[in-house]
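So the chains spell out like this:
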Amino acid sequence: MCMVYEGSQVLVQRRSPQKGWPGVTFPGGHVEPGESVTQSVIREVWEETGLAITHPRLCGIKDWIEDDGSRYIVFLYKCNTFSGELRSSEEGEVFWANRADLPSMNLSSGMEETFRVFFEEDISELSYYREDPAQDLQIVLE
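First things first, this report covers the structure right here in the doc. (Residues numbered from 1 in each chain as written. Predicted model: local features only at pLDDT ≥ 70, side-chain atom pairs only at ≥ 80, totals over all residues. Heavy atoms only, no water.)

Our next topic: the pattern of salt bridges. Across all of its chains, the model carries 9 salt bridges by this definition. Measuring nitrogen to oxygen at the nearest pair gives 3.0 Å for the salt bridge that ties Glu-91 to Arg-15. Residue Glu-91 is found in the loop between β7 (82–84) and β8 (92–98), and its partner Arg-15 is found in strand β2 (residues 9–15); the two are separated by 76 residues along the sequence. For the pair shown, Glu-91 and Arg-15 are each scored as buried. In this structure, the salt-bridge partner of Asp-63 is Arg-71, at a minimum N-O distance of 2.7 Å. Through salt bridges with shared partners, a single network forms among Glu-32, Glu-35, Arg-43, Glu-44 and Glu-47. (Salt bridge = Lys/Arg side-chain N within 4 Å of Asp/Glu carboxyl O. Helix = DSSP H or I, 4+ residues; strand = E, 2+ residues; numbered from the N terminus. Buried < 20%, exposed > 50% of the residue type's maximum accessible area, 1.4 Å probe, protein only.)

In structure tokens:
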């Protein structure tokens, strides 16, 4: 996932409900075979926004345990160097938004906590976990 920004403006994506995980988020996706994580974020931003980013910087991770016990890790990047013309994709509409307006938008699940990793320099990890299946989900920001 990558936060592309210019000053107080951030590039957001309003994900199509048909794609699952609907709501406003940042562009991102999966690592393809033979790609580094950084190469994947560059490719995903290009595919979903039409922007060619350069020098994305890893700023944190978001992780949780799946039902099968495997760990799912999302690498969080920031980038303010880009070129190209903004275009939406089948993943959803992309547009520039003022950072201060993000909390009032219809956000994808978990984005409110994820923003803290992007915007607070002393936080680099967001973890979700349950000590037992009957317990509510716990959120840890470190």
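With that settled, the discussion passes to the pairing of β2. When you tally the buried positions in β2, you get 5 out of 7 residues, the bulk of the element. Two strands pair when backbone bridges link them, and strand β1 (residues 2–6) and β2 are joined in this way by 2 bridges, in the antiparallel orientation. Residue pairing across strands places Tyr-5 opposite Val-10, the latter belonging to β2. If you look at the hairpin formed by β1 and β2, you'll find 2 residues sitting between the two strands, and Gly-7 has a positive phi there, around 60°. In this structure, β2 lies alongside β8, joined through 7 bridges in antiparallel fashion. Bridge assignment links Val-12 to a residue of β8, and that residue is Phe-95. Bridge count between β2 and strand β3 (residues 23–25): 3 bridges; the pairing is antiparallel. Residue pairing for β3: Arg-14 is matched across the bridge by Val-24. (Pairing = 2+ DSSP bridges.)

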